[in-house]
Amino acid sequence: MGNKAHVKLLLQECGELLDNLSEAGLKLLSGPEEQFRDILSFIKGNTIALELRLLGEGEVWLNNEKLDVPPLWIEVLGIMCLKERPLNLEELLSFLYGDDGRKENLKANLSKMRRVFPISQHPYQLTLSYTTDIAKIQNFIALGKVNEALKLYKGSVLPYSNSPFIRHIDEVLAETIRQA
């Protein structure tokens, strides 16, 4: 996460040079789209379409509109955003439930989620620009802006969640904040 913050600062400093590149030129410089989606959006001046607020009870904002979605959807979206790579069904199931999940239930929920969010077919990933409050905190810490990070930190990551991955992220973030 910290590397993205540094790259964004560098890109801001190189803005005029990048403005003169065509989209093909930007893609040639960047590499695989899924790894550079956020940076390309930043360069092009695109706004973030999806914002996840995972601290506290969790909120989902799509195109600046707050959505009322089930807590499970927030967990799934959070895992997809925080892993920052395509996930196969078994990985997503493990991150969400550990050894207790059922593929059929997760597949049914993913199908329903696709009606609202652009989620690719297997492997699963969001196909729009996104950000999370956790990523913002990590970026602030990487930049040495601890006070800004502390202002965003509102306690536990989705405290209702039993997801092994979410609980792990909660522990890592709390420790990162403590050390900062």
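Above this text is the structure in question.
My aim in this report is to walk through the structure given alongside it, one point at a time. The structure presented is a predicted model; accordingly, all values stated were derived computationally and were not measured.

Across its full length, the protein holds 10 helices and four strands. Helices (α) and strands (β) of the protein occur, in sequence order from the N terminus, as α-α-α-α-β-β-β-α-α-α-β-α-α-α. Out of the 180 residues in the protein, the part that is buried amounts to 39%. Within the protein, residue pairs in contact and separated by at least 24 positions form 62% of the contacts whose partners lie at least 6 positions apart. Summed over its atoms, the accessible surface of the protein is roughly 10,200 Å², and 50% of this surface lies on carbon and sulfur atoms.

For leucine 87, the position within the fold is in the loop between α5 (71-83) and α6 (89-97). For the pair formed by leucine 87 and histidine 122, sequence separation is 35 residues and the distance between their alpha carbons is 7.7 Å. Setting aside anything within four residues of it in sequence, one finds leucine 87 in contact with Ile79, Met80, Leu92, Phe95, Pro123 and Tyr124.

Another aspect to go through is unusual backbone geometry. Note on backbone geometry: most residues besides glycine have negative phi, and most peptide bonds are trans. Here the bond from histidine 122 into proline 123 is cis, since omega is -5°, no more than 30 degrees from zero. Here proline 123 shows up in the loop between α7 (103-113) and β4 (130-132). Positioned with a positive phi, asparagine 63 is a non-glycine residue whose angle comes to about 50°. Considering the arrangement of structural elements, one finds asparagine 63 in the loop between β2 (59-62) and β3 (65-67). Of note, leucine 158 is a non-glycine position whose phi angle comes to about 35°, a positive value. You can see leucine 158 is positioned in the loop between α9 (146-152) and α10 (164-179).

Here the focus is helix α8 (residues 133-142). Listing the buried residues of α8 in full gives Asp133, Ile134, Ala135, Ile137, Asn139 and Ile141. Positive backbone phi, at 80°, marks glycine 144, one or two positions downstream of α8.

Another point: the packing of α5 against α6. Viewed as axis vectors pointing N to C, α5 and α6 meet at an angle of 115°, and their least axial separation amounts to 10 Å. α5 and α6 meet at a crossing whose hand is right-handed. For the pair α5 and α6, contact is made by Leu72, Glu75, Val76, Ile79, Met80 and Lys83 and by Leu92, Phe95, Leu96 and Tyr97, respectively.

Let us now look at the sheet that holds β4. Ordered in space as β3-β2-β1-β4, the four strands form an open sheet in which the pairing is mixed. Both outer strands of the open sheet, β3 and β4, are each paired with one neighbouring strand and no more. Strand-to-strand, the axes of this sheet are offset by a mean angle of 25°, without reference to chain direction. As paired elements, strand β1 (residues 50-53) and β2 share four bridges and run antiparallel to each other. Paired with glutamate 51 across the bridge in β2 is tryptophan 61. Strands β1 and β4 of the sheet are contacted by α8, whose axis makes an angle of about 70° with β4.

Procedures and definitions
Residues numbered from 1 in each chain as written. Predicted model: local features only at pLDDT ≥ 70, side-chain atom pairs only at ≥ 80, totals over all residues. Heavy atoms only, no water. Helix = DSSP H or I, 4+ residues; strand = E, 2+ residues; numbered from the N terminus. Buried < 20%, exposed > 50% of the residue type's maximum accessible area, 1.4 Å probe, protein only. Contact = heavy atoms within 4.5 Å. Areas by Shrake-Rupley, 256 points an atom, 1.4 Å probe, with all protein chains shown as cover. Axes fitted to C-alpha atoms, helices over the stretch in contact; angles between N-to-C directions. Left-handed = near helix turned anticlockwise from the far one by under 90°. Pairing = 2+ DSSP bridges.

As far as function goes, none of this settles anything; it's purely spatial.
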